[in-house]
Amino acid sequence: MSARLSEFQLVQPARIEDAIAAFVAKPGARYVAGGTDLLVNMRRGIVSADRLIDLSGVAGWGSIDADAEGMTIGAGVTIAALARDPIVISRYPAVAQAATSIAGPGHRNVATVGGNLCLDTRCIYYNQSEWWRKSNDYCLKNRGDTCHVAPQGKRCHAAFSGDLAPVFLALGASAEIAGVDGRRRVPLSDLYVEDGRAHLSLKPGELVASVHLPAVLAACAYEKVRARGAIDYPLAGVAVALMIAGGKIVMLRIALTGTNSRPFLLADVDQFIGKSVDDAMLHGVDRLVQRQVQPMRTTLAAAHYRRLAAAAVARRVVRRLAGA
Amino acid sequence: MHEPSAQYKKRLLRIKVNGRWREDAVADGCMLVDYLRDTAGLTGVKTGCDGGECGACTVLLDGLPVLACVTLAVRCEGRSVETIEGLAAQGRPSRLQQAFHEKLGAQCGYCTPGMVMASEALLRRNPTPTDDEIRAALAGNLCRCTGYVKIIESVKAVAGLAP
Amino acid sequence: MTAAFASSRPGVPLIDGIDKVLGRARYTADLDRAGALVGRILRSPIAHGEIVRIDTARARALDGVIAIVTGADCDKTYGVLPIAMNEYPMARDRVRYCGEPIAAVAAVDEETAQRALDLIDVEFRALPAYFISKDARAPDAVLLHANKPGNVEREVHHDFGDIEAGFAAADLVREHRVSCAEINHAQIEPHACLADFDPVTGRLTVQDVSQVVYYLHLMLARCLDMDESQIRVIKPFVGGGFGARVEVLNFEIVTALLARAAGGRVFMQLTREETFITHRARPQTDVVLKLGMKKDGRFTACACEVTQRGGAYAGYGVVTILYAGALLQGLYDIPAVKYDGYRVYANLPPCGAMRGHGGVNTRHAFETLVDRMARELGLDPFAVRRANLLHAPMQTMNGLMVQSYGLAECLDVVEQASGWKERIGRMPPGKGLGMSCSHYVSGSAKPIHFTGEPHAVIHLKLDHDGGVTALTGAADIGQGSSTMVAIAVAETLEVGIDRIRVISSDTAVTPKDNGAYSSRITFMVGNAAIDAAKNLKKILIAAAAKKLEAHPDEIDCAGGIFRVGRGGQAMLSFKEVVAAALVDEGAISVKGSFTCPVEFQGGKHRGGAVGSTMGFSYGAQVVETSVDEATGMVTIDKVWVALDCGHAINPLAVKGQIEGQVWMGMGQALCEETRYLDGLPAHASFLDYKMPTIVESPHIEAFIVESNDPNGPFGAKEASEGALAGFPPAMVNAIVNAIGVELDEIPATPDRVLEAIVQHQRKVKLAQKKARS
């Protein structure tokens, strides 16, 4: 038998407004989509809720709409549906590539785009059983007051490891956020905060309703490093969007996951505009990545490795996209 | 003693299990794996990990492989669930089950139900998978006995692609 | 003895396989548990400390709690070796690792049991804890066990041949140090136990995941202070073992204690985390190995020092540290071997036996050093192995008997199949080939508990239905041992396998068997099965002779038909002969047994019994890898492996075992390790313990070599462990071949590989700088 979940009530609203109302009405409520992250965490006792609000029945939640302007992906689209959508495959192959590499098939059939974007941050001191965490006096992210990764520090360093976010960031995506006060659209990067304990900028009751991808001409690809060929979260993942004209870079975005408490766009890449992709440029990318990632001891793999691997993958993906 | 909570009442779950409709009182927090094993008596559905990591509990939900250990039973209301017990007809193994038997795709047999269900889902949508397609479809199912070699051979035997 | 290459017989599916594929096979957690209470264990939150106080009053007061047991309820130790039982089912005065059981609760449901655990108050006085061998062995370290100075459970010093002369005679002497991480069996079925105590009769019935039903029976009697006759242990289907269940485990005794305290039935299923904490697997091992080699590749001497971090209790520790030294021999001809072994206590879950028990990590050190030296001498790795082959029959310096030896054929097979000669030295950048050899025992020739009884006993029952029921205590845990028994009986009786029914591992029904460990079942139980079947056949032939009015010597029996002479006219069917045999006798019970003769039971030196066996299996393999130098990711592209298992009784199962063991060696080599954070397991899930998925698992081409062992059943030897130890060194050798970088540690996780690459590049740069200046 499985470890029983603490008791809760599941509500299944049909409209997003009802979902939000159900959330606001009950302190301690949580949204659940596919549940592959949340329910595992609930089973381990690191997340609890008196009420779960099931978003899977929300109308329009799971659709993909494409037009000349780009594509809008409902937060409820499953990872599997995203990975096999013909328009996604043809227009945003990197998205399909990233989706296909998430966890295992059984997860992807229920896990959603919104869930992957809002994936809880992870740490070897956090993703443990109640007995384990209690024996270790808990941690800053859960019931404790020390971050075991950096005991001197004030913040939680748990790492974000969603695979879709870096690709969406590289593609210049925006997120539509629904809340009590209606809807707002923000650049996707604004969804995230560099704090492992509270890495989402969502206000109480807010949820990601959809993601909008602009039409892009840039080539885009995603690659990650992980211990095994499936199931595992990325130790480091890199998405690159690159456009070259006349041998010179005209657009470049590099986004990373797995190294920090949030997925983020690499800063200062504009210095490469107008340059060609050569060894010097790739060396520059490597240095930039190594300087900006902040891997901490949140995984069993060495933190320094995640820094080196992120840089190596970034270099490789840029080179591959440039056909160099 | 654990007194049934008034606040969190069980609800009546209507669910099709291996082709037959059932109605059972189920708590909102009950996982599909526990419902299938403890309430429906389908112990072919296995538990190997503490949640979402090994694939032993893989069942088909409306034809798609899902992990019963991270699926809330009540979310399967009105839906169809297939387990390993549902593949046999009149007690006889399906071709896929027979292949797992004959090709030694099952050693200790503990991962087998999940492995067979994930393979079943693959073969329904792709009757002639390549080795890589088999690997991709079974990527979430861990086996400790076989090194996966004979599992791939078992699936291929049904696909008619075996050498 | 020359070996025949491969086996063209296909073999048969497992006789219990259909139950598994239909989902109707019942494992412990699937048994009817109507009315059973739920058992849960309270585990230590600290790695080392004295228990000052345990107060269970608040928990006992909780409605729905039926029984609570603590260390106070069992003052009997349990363990493996009679001389080294130093562990209580629940800690009494001291806890020695995080997760050690302290108390247990039986309650009406899971929630109540969990709430009761939270209400048990335990006060500790913390002691310093040691998580690496060096710290535990420090002069001022607190002793985990008062009788073991220096926290060394066992030191072994073995010296065979003239070691100094050996090194003096060498053209090249090299020494290296390797470190192998601790790993776990990680069988997919979590531990579980269903114990039933009848307070009226005082009898206890336990159904459980054990590989060693008889030892469990023995330990239950000891720890519950019960007469053995009042206990019954039954093994349902078991979801893998690999050594995890090869010793009696604390939760098994705790569940029985709870059942007795509750006067009823208790079911306990451990979580995956608890299953990992129960552990008993391969220890973290440091090996320092020194080898002497002649220019032609001949070994002259080997000196090896092994330090195993054994965890908090003895378990199989003494055996493991002895195996690590003993198995330096029996594979190659080495004129002198010196071995120093140290089994160290540390504040971590106890290690134990795991597939390839004891031999894997020393083999890794040996086979990687052989390759380093071969490179230095410009020798082909195959040629070096061939220069050092044994010649059966022979006895090694440490008293191990080698009666059959198919290693030369194994080498030929994998060399050819992998295209080694054509491909080595011509691999594209980042790709490499590596090879290695290994061996393993076919059952320990001396049992742990010496009783003077045979090593294996089988009963056969034949009744009016004409069905032959084989009763065996041998635990089928998925490896196919019951099928092996059925084949052995069927082939000896010359009847179809459908006529044989095997009942395994129920101590009320089946004869005692030592269990599924040290790959003993095929050799010992196989021989006992053949013996039993021969005894039954004698009875049947006598009955046929009587009926056909002929002399028993004249009776020919083939395909279940008995006749006088070959091609005789008068004939009887099997059922007719059975009917004839039952006249005046009724149901027939015969027995067969097998005992390893004393000359096979090892050298006379202290610890000489460990490593002794009637027959060694031999394996050779070639591994092809790709290394991504940018990320340190290692990919295994393909494996070719040949195993000399004497004779493949069931070739299908043998191939399955070869693939499985090689793959398990791959897991250890590539990515698996157990890690602790201040004594807390950081690996205790299938997400953090990196057992390979199907995606990165390569095709393994397995070849069977049959050397026909003179003593094995039909010539068979073991087939489940001998090739495992070859994988890690073959992979590391392939990585060197691919990128020129040596790895001193396994697993070859990407961070370790990248670090080794960086260090290597630094060294190369430094050397270039030196050369310039």
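Residues numbered from 1 in each chain as written. Chains lettered and ligands numbered in written order. Predicted model: local features only at pLDDT ≥ 70, side-chain atom pairs only at ≥ 80, totals over all residues. Heavy atoms only, no water.

For the rest of this paragraph, the subject is the overall build of chain A. For chain A, the count of helices and strands is 11 helices and 12 strands. Against the globule reference of 20 Å for 324 residues, chain A gives a C-alpha radius of gyration of 20 Å, in line with a compact fold. For chain A, the spread of C-alpha atoms along the three principal axes comes to 60 × 45 × 35 Å. If you take every contact in chain A between residues at least 6 apart in sequence, the share linking residues at least 24 apart comes to 63%. Carbon together with sulfur atoms contributes 52% to the accessible area of chain A, which is approximately 12000 Å² in total. (Helix = DSSP H or I, 4+ residues; strand = E, 2+ residues; numbered from the N terminus. Rg over C-alpha atoms; globule rule 2.2 N^0.38 Å. Contact = heavy atoms within 4.5 Å. Areas by Shrake-Rupley, 256 points an atom, 1.4 Å probe, with all protein chains shown as cover.)

Our next topic: the sheet that holds strand E25 (residues 571-573) of chain C. Residues and elements named next belong to chain C. One open sheet accounts for three strands, arranged E23-E24-E25; its pairing is antiparallel. Each edge of the open sheet is held by one strand with a lone partner, namely strand E23 (555-558) and E25. With strand direction ignored, the average angle separating the axes of adjacent strands in the sheet is 20 degrees. As paired strands, strand E24 (residues 561-564) and E25 are joined by three bridges and run antiparallel to one another. Of the residues in E25, the one forming a bridge with Arg-563 is Met-571. Together, E23, E24 and E25 form the strand contacts of helix H15 (residues 521-548), whose direction differs from that of E24 by roughly 50 degrees. (Pairing = 2+ DSSP bridges. Axes fitted to C-alpha atoms, helices over the stretch in contact; angles between N-to-C directions.)

Take helix H6 (residues 213-223) of chain C next. Residue and element names in this part refer to chain C. Extensive coverage of H6 is indicated by the burial of 10 of its 11 residues. Turning to H6, its buried residues are Val-213, Tyr-214, Tyr-215, Leu-216, His-217, Leu-218, Met-219, Leu-220, Ala-221 and Cys-223. Buried-residue contacts for H6 involve strand E11 (203-208), strand E12 (231-234) and helix H7 (250-262). Asp-225 lies just past H6 and shows a positive phi near 50 degrees. (Buried < 20%, exposed > 50% of the residue type's maximum accessible area, 1.4 Å probe, protein only.)

Turning next to the pattern of salt bridges. Within the structure shown, the criterion is met by 70 salt bridges over all chains. Notably, a salt bridge pairs Lys-156 of chain B with Asp-131 of chain B, separated by 2.7 Å at the nearest N-O pair. One end of the pair, Lys-156 of chain B, is in helix H5 (residues 149-159); the other, Asp-131 of chain B, is in helix H4 (residues 131-137), with 25 residues separating them in the sequence. Close ionic contact of Glu-247 of chain C with Arg-280 of chain C constitutes a salt bridge, the shortest N to O distance being 3.4 Å. (Salt bridge = Lys/Arg side-chain N within 4 Å of Asp/Glu carboxyl O.)

So, on to unusual backbone geometry. A cis geometry characterises the amide bond from Ala-392 of chain C onward to Pro-393 of chain C, with omega recorded as -5 degrees. Tracing the sequence through the fold places Pro-393 of chain C in the loop between helix H11 (381-386) and strand E17 (394-395). At Ala-103 of chain A, a residue that is not glycine, the phi angle is positive and equals roughly 45 degrees. Residue position: Ala-103 of chain A is located in the loop between helix H5 (93-100) and helix H6 (105-108). Of note in the backbone geometry, Glu-494 of chain C takes a positive phi value of approximately 60 degrees without being a glycine. One can find Glu-494 of chain C in the loop between helix H14 (481-493) and strand E22 (500-504). Here Glu-494 of chain C falls in the partly exposed class, since its relative accessible area comes to 30%.

Another aspect to go through is the domain arrangement of chain B. Residues and elements named next belong to chain B. Domain parsing of chain B yields domain 1 (11-83) and domain 2 (95-159). Relative placement of domain 1 and domain 2: their C-alpha centres are 21 Å apart. At the junction of the two partners, domain 1 supplies 14 residues and domain 2 supplies 11 residues. For the pairing of domain 1 and domain 2, the buried interface totals around 1000 Å² over both sides, and the portion due to carbon and sulfur atoms is 60%. Together, Lys-46, Thr-58 and Leu-60 form the three largest contributors to the area buried by domain 1 at its contact with domain 2, with a combined 36%. On the surface where domain 1 and domain 2 come into contact, there are one salt bridge. Between Arg-124 and Glu-82 there is a salt bridge, with the nearest N and O atoms lying 2.7 Å from each other. On inspection of domain 1 and its partner domain 2, the count reaches five residue pairs in polar contact (both at pLDDT 80 or more). Grouping the constituent residues of the side of domain 1 that touches domain 2 by class yields four nonpolar, seven polar and three charged. (Domains from an automatic or database assignment. Buried area = accessible area lost by both parts, 1.4 Å probe. Polar contact = N/O pair within 3.5 Å; in protein donor to acceptor, adjacent residues only side chain to side chain. Nonpolar A, V, L, I, M, F, W, Y, C, P; charged D, E, K, R; others polar.)

This brings us to the packing of H6 of chain C against H7 of chain C. Residue and element names in this part refer to chain C. The contact between H6 and H7 brings their axes to 10 Å, and the two run at 50 degrees. Our classification of the angle between H6 and H7 gives oblique. Viewed along their axes, H6 and H7 form a crossing whose handedness is right-handed. Along the contact surface, H6 presents Leu-216, Leu-220 and Cys-223, while H7 presents Glu-252, Ile-253 and Ala-256. The class makeup of the residues in the contact of H6 with H7 is five nonpolar, no polar and one charged. (Parallel < 35°, antiparallel > 145°, perpendicular 65-115°, else oblique. Left-handed = near helix turned anticlockwise from the far one by under 90°.)

Quick look at the interface of chain C and chain B now. Contact with chain C, which involves 62 residues of that partner, is made by 45 residues of chain B. Of the roughly 4300 Å² buried between chain C and chain B on both sides combined, carbon and sulfur atoms contribute 60%. Considering only the surface of chain C that becomes buried against chain B, Val-21, Ile-188 and Ile-694 of chain C emerge as the three largest contributors, covering 18% of it. Note that Glu-672 of chain C is salt-bridged to Arg-144 of chain B, the shortest N-O span being 2.6 Å. For the pair chain C and chain B, the interface holds 23 residue pairs in polar contact (both at pLDDT 80 or more). Sorting the residues of the side of chain C that touches chain B by element identifies helix H1 (17-22), helix H3 (110-118), helix H8 (272-278), helix H17 (651-670) and strand E31 (699-706) of chain C as the ones contributing at least two each. Ranked by residue count, the leading element in the side of chain C that touches chain B is H17 of chain C, at nine residues.

The next point concerns the interface of chain A and chain B. Chain A puts 33 residues into the contact, and the matching count from chain B is 30 residues. Summing both sides of the interface, chain A and chain B together bury roughly 2600 Å²; the carbon and sulfur share of this comes to 54%. Put simply, chain A and chain B have two salt bridges between them. With a closest N to O distance of 3.9 Å, Glu-53 of chain B and Arg-44 of chain A form a salt bridge.

Turning our attention to the sheet that holds strand E8 (residues 152-160) of chain C. All names here are of chain C. Ordered in space as E8-E16-E15-E14-E9-E32, the six strands form an open sheet in which the pairing is mixed. Looking along the sheet, the strands with just one partner apiece sit at the ends: E8 and strand E32 (745-746). For E8 and strand E16 (residues 337-345), the ladder comprises eight bridges, and the chain directions are antiparallel. Paired with Val-152 across the two strands is Val-344, which belongs to E16.

Moving on, we get to the environment of Thr-70 of chain C. Residue and element names in this part refer to chain C. When you line up the elements, Thr-70 lands in strand E4 (residues 65-70). Note: C-alpha distance between Thr-70 and Thr-362 (292 residues apart in sequence) is 40 Å. Here Thr-70 is in contact with Ile-54, Thr-56, Met-90, Ile-102 and Ala-103, once residues within four sequence places are set aside.

It is worth spelling out empty space enclosed by the protein at this point. The final tally for this structure, using the stated rule, is 10 cavities of 30 Å³ or more. Quantified by volume, the largest cavity comes out at close to 510 Å³. Forming the boundary of the largest cavity are 29 residues, of which Leu-235, Thr-299 and Leu-300 of chain A together with Asp-688 and Lys-690 of chain C lie nearest the centre. Taken together, the residues of the lining of the largest cavity sort by class into 13 nonpolar, seven polar and nine charged. (1 Å grid on protein atoms, 1.4 Å probe; cavity = no way out; pocket = protein on both sides within 12 Å on 5 of 7 lines; lining within 4 Å. Points joined across faces, edges and corners; volume = space filled by probe spheres on them.)

Let us now look at the packing of aromatic side chains. As enumerated under the stated definition, the model contains 20 aromatic pairs over all chains in all. Judged by centre distance (5.4 Å) and plane angle (75 degrees), the rings of Phe-299 of chain C and Tyr-332 of chain C are edge-to-face. Of this pair, Phe-299 of chain C sits in strand E15 (residues 299-311) while Tyr-332 of chain C is found in the loop between helix H9 (317-326) and E16, placing the two residues 33 residues apart along the sequence. This pair shows no difference in class: Phe-299 of chain C is buried, exactly as Tyr-332 of chain C is. Here the aromatic residues Tyr-110 of chain B together with Tyr-27 and Phe-237 of chain C are joined through ring pairs into a cluster of three or more. We note Arg-137 of chain C situated over the ring of Tyr-342 of chain C; from NZ or CZ to the ring centre the distance is 4.4 Å. Over the ring of Phe-366 of chain C we find Arg-363 of chain C, and its NZ or CZ is 4.9 Å from the ring centre. (Phe/Tyr/Trp six-rings, centres within 6.5 Å; stacked < 30°, edge-to-face > 60°. Lys NZ or Arg CZ within 6 Å of the ring centre and 35° of its normal.)

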